[in-house]
Amino acid sequence: MKNFFKYPLHENAFSTSDIKEGIRVLLSKQITMSKKTKEFEKYFAKKLGVKYALMVNSGSSANLLATFASGNPLRKNKFKPGDEAIIPVLCWPTSLWPLVQAGLKPIFVDVDINTLNIDLNDMKKKITKKTKLIMNINVLGLSTNLNRLKEISKKKNLILIEDNCESLGSKLNNKHLGTFGDFGTFSFYYSHQITSGEGGMVTCNNEKDYEILYSLRAHGWSRSPKTFKKTSKKYPKLDPRFIFTNMGFNLRPTDIQASIGLNQLKKINYFIKQRTLNRNLIIKKLENSKNWKNQYNFLKVEPNFKPSWFSLVLMINNKYVHKKKRFINFLSKKGIETRPIISGNFMNQPAAKLYKLNPNKEKFPNADKIEKTAFFIGLKTKKISNDELEYLVKNLLKISVL
Ligand SMILES: Cc1ncc(COP(=O)(O)O)c(C=O)c1O
């Protein structure tokens, strides 16, 4: 695919070996979910240090599946329609909509301006007797204090879903993000830490939860190796291959996606290293330039945190913020691709108004500030060339003179 940007958000996502893996699956003619998906799931679970991983066709599907599993009748600790679910207001639409689709009432929480992640103090104030679930989002490679979040959710008996679609590979105290809650969700969309074109994963540590996820992923079928035998015995009058024990979706991936995802996951440590290196090079070059006038602030990382960067977040200095819109257009004309931080304060989106998600017009000043002042650019998985670096930095600095 031709990329029209000189400095795109992501490029060269697929190596020749990724493509070969995909073609091998195509040539085998076993394209639908099968052995390769199993192999990827097993490798993923082992790499992240969780018991179970289940692949789906996108990160959005992973959120849908984890949410519906959390309210499933087969689960002991489950939500019921009308219960409240906490979510940071700086969110992605498909972190939020599964909550609404499952009959939960979303309660929005502001974010911490320094990490872009959920503000735990604001969150604590919003927990009521009706709260049953937290959909937390680990934003662009960073997280909140997940140990504290886990402690709060345990104490209040809340189900914790970690939407880790933007932070695969990041670690807090050497523990992978996405493995702190009851469920972790992941996306392998094109611009993410690894990609299978489209694809996602749900992780968990509880066997019952895994069985629910397995069934809901494909039509409510009872086809996991363990339940297949059990249900065949229990319902001898039914065809054992077609027993439906739960509600269901079809969120299955293909083996083509799984084979590419697996090949990419094997290279993730290299990707993380390259992205970190490029991020450091860009920041250093900006700050050492003779034209550096503190145009930007950058995200800072706690010593016990090891980020797997999604992107380079640039938070514009107050002095230059009024030029943001003009400047983003300028960068686009220069072939530098940018994105807002997730979808900004989601309460500003027409879809939130359509569904009356903020009836009391509550304010979220930090999310608003991030929407107003920040944007991000991509980080390559190969070392940025000197020419690219010069070009990028020269143009980024121009916000002060535009
Ligand atoms: C936080 C978050 N959750 C979920 C998703 C959805 O992932 P996908 O695009 O694979 O459906 C995204 C997408 O980028 C995201 O940023």
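Residues numbered from 1 in each chain as written. Predicted model: local features only at pLDDT ≥ 70, side-chain atom pairs only at ≥ 80, totals over all residues. Heavy atoms only, no water.

### Observations regarding the overall build of the protein chain
What counts here: By the criteria applied, helices consist of DSSP H or I runs no shorter than four residues and strands consist of E runs no shorter than two, each listed in order from the N terminus. Buried means the residue's accessible area, taken with a 1.4 Å probe over protein chains only, is under 20% of the maximum for its type, while exposed means over 50%, and partly exposed covers the values in between. In this analysis, two residues are considered to be in contact whenever any of their non-hydrogen atoms come within 4.5 Å of each other. What sets the accessible areas is the Shrake-Rupley method with a 1.4 Å probe; for residues, cover comes only from the shown protein chains.
When you go through the protein chain residue by residue, the secondary structure sums to 14 helices and 13 strands. Taking the principal axes of its C-alpha atoms as reference, the protein chain extends roughly 80 × 55 × 40 Å. A buried classification covers 55% of the 402 residues belonging to the protein chain. If you take every contact in the protein chain between residues at least 6 apart in sequence, the share linking residues at least 24 apart comes to 73%. Of the accessible surface of the protein chain, which amounts to about 19400 Å², a share of 54% is contributed by carbon and sulfur atoms.

### Remarks on the packing of aromatic side chains
Applicable threshold: Only centres within 6.5 Å qualify two rings of Phe, Tyr or Trp (six-membered ring in Trp) as a pair; their planes then separate them into stacked at under 30 degrees, edge-to-face at over 60, and tilted for everything else.
The tally for this structure, following the rule as stated, stands at 18 aromatic pairs. Ring centres of Trp97 and Phe346 lie 6.1 Å apart, and the angle between their planes is 75°; this geometry places the pair in the edge-to-face category. Here Trp97, found in helix 4 (residues 93-101), pairs with Phe346, found in the loop between helix 11 (324-333) and helix 12 (350-354); they are 249 residues apart in sequence, far enough to count as distant. Residue classification places Trp97 among the buried residues on the basis of a relative accessible area of 14%. Assessed through its relative accessible area of 3%, Phe346 is described here as buried. Three or more aromatic residues link up through ring pairs in this structure, and these residues are Phe40, Phe44, Phe186 and Phe188.

### Looking at the nonpolar core
The condition that has to hold: The set of buried Ala, Val, Leu, Ile, Met, Phe, Trp, Tyr and Cys residues whose side-chain atoms join them within 4.5 Å is what this entry labels a nonpolar core. All the domain ranges listed were derived from an automatic or database domain assignment.
Counting 99 residues, the largest nonpolar core has Met123, Ile282, Tyr296, Ile341 and Leu396 as its most contacted members. The leading source of residues in this core is helix 3 (residues 59-70), at 6 residues. Built from parts of two domains, this core gets at least three residues from each of domain 1 (16-265) and domain 2 (268-400). Leaving out residues up to four positions away in the same chain, Tyr296 has contacts with Leu314, Met315, Ile316, Asn317, Phe327, Phe375, Leu396 and Ile399. With 18 residues, the next largest nonpolar core counts Phe44, Met55, Phe186 and Met201 among its residues.

### Some points on the environment of Lys154
Its place among the elements puts Lys154 in helix 6 (residues 146-155). Lys154 sits 229 residues away from Lys383 along the chain, and the two C-alpha atoms are 43 Å apart.

### Digging into the site of the ligand
The test is simple: Each residue is tested against the molecule or strand, and it is near if at least one of its non-hydrogen atoms lies within 4 Å. Polar contacts, as used here, are pairs of N or O atoms within 3.5 Å; protein pairs need one atom able to donate a hydrogen and one able to accept it. Residues neighboring in sequence count only if both atoms are side-chain atoms. Buried and open spaces are told apart on a 1 Å grid over the protein atoms alone, a cavity being a set of points where a 1.4 Å probe fits but cannot get out and a pocket being an open set with protein on both sides within 12 Å along at least five of seven lines. Residues with an atom within 4 Å of a point are the lining residues. To qualify as sitting in a cavity or pocket, a molecule needs more than half of its atoms within 2 Å of the grid points. Ten residue types, Ala, Val, Leu, Ile, Met, Phe, Trp, Tyr, Cys and Pro, are classed as nonpolar, four, Asp, Glu, Lys and Arg, as charged, and the remainder, Gly among them, as polar.
For the ligand, the set of nearby residues contains 14 residues, the closest of which are Gly59, Ser60, Asp163, Glu166 and Ser187. One of the side-chain N or O atoms of Ser187 is found 2.7 Å from an oxygen atom in the ligand. When the free accessible area of the ligand is taken as 390 Å², the share hidden by the protein chains comes to 91%. Placement of the ligand is best described as lying within the largest pocket. Taken together, the elements giving at least two residues each to the shell around the ligand come down to helix 3 and helix 4. Ranked by the residues each element gives to the shell around the ligand, the list is headed by helix 3, at 3 residues. Each residue belonging to the shell around the ligand can be placed in one class, and the counts come to 4 nonpolar, 8 polar and 2 charged.

### Some remarks on the side chain of Ser95
For Ser95, the position within the fold is in helix 4. Ser95 gets classed as buried once you look at its relative accessible area, which sits at 1%. Polar side-chain contacts of Ser95 include one of 2.8 Å to the side chain of Asp163. Beyond its immediate stretch of four places on either side in the chain, Ser95 contacts Asn63, Ile87, Met135, Ile137 and Asp163.

### A closer look at a positive patch on the surface
Spelled out, the test is: Patch members must show over 30% relative accessible area and no salt bridge, and they are joined within 9 Å when carrying like charges or within 5 Å when they are nonpolar side chains of Val, Leu, Ile, Met, Phe, Trp or Tyr. Whenever Lys or Arg places a side-chain nitrogen within 4 Å of a carboxyl oxygen from Asp or Glu, that contact is recorded as a salt bridge. Under the convention used here, Asp and Glu are negative, Lys and Arg are positive, and both His and the chain ends fall outside the count. Each charge is placed at NZ for Lys, CZ for Arg, CG for Asp and CD for Glu.
On the surface, a cluster of positive charge is contributed by Lys76, Lys208, Lys230 and Lys234. With respect to the helices, strands and loops of the structure, Lys234 is situated in helix 8 (residues 225-234). For Lys234, a relative accessible area of 59% translates into the label exposed.

### Details of the sheet that holds strand 5 (residues 159-163)
We count it as follows: Pairing between two strands requires that DSSP report at least two bridges joining them. With axes taken as lines fitted to C-alpha atoms, and helix axes fitted only over the stretch in contact, angles between N-to-C directions fall between 0 and 180 degrees.
Spatially, 7 strands are ordered 1-9-8-5-4-2-3 in an open sheet, and the strand pairing comes out mixed. Edge positions in the sheet fall to strand 1 (52-56) and strand 3 (105-109), since each has one partner strand and no second. Each neighbouring strand pair of the sheet contributes to a mean axis angle of 20°, computed without reference to strand direction.

Everything listed here is a matter of geometry and, on its own, says nothing about what the molecule does.
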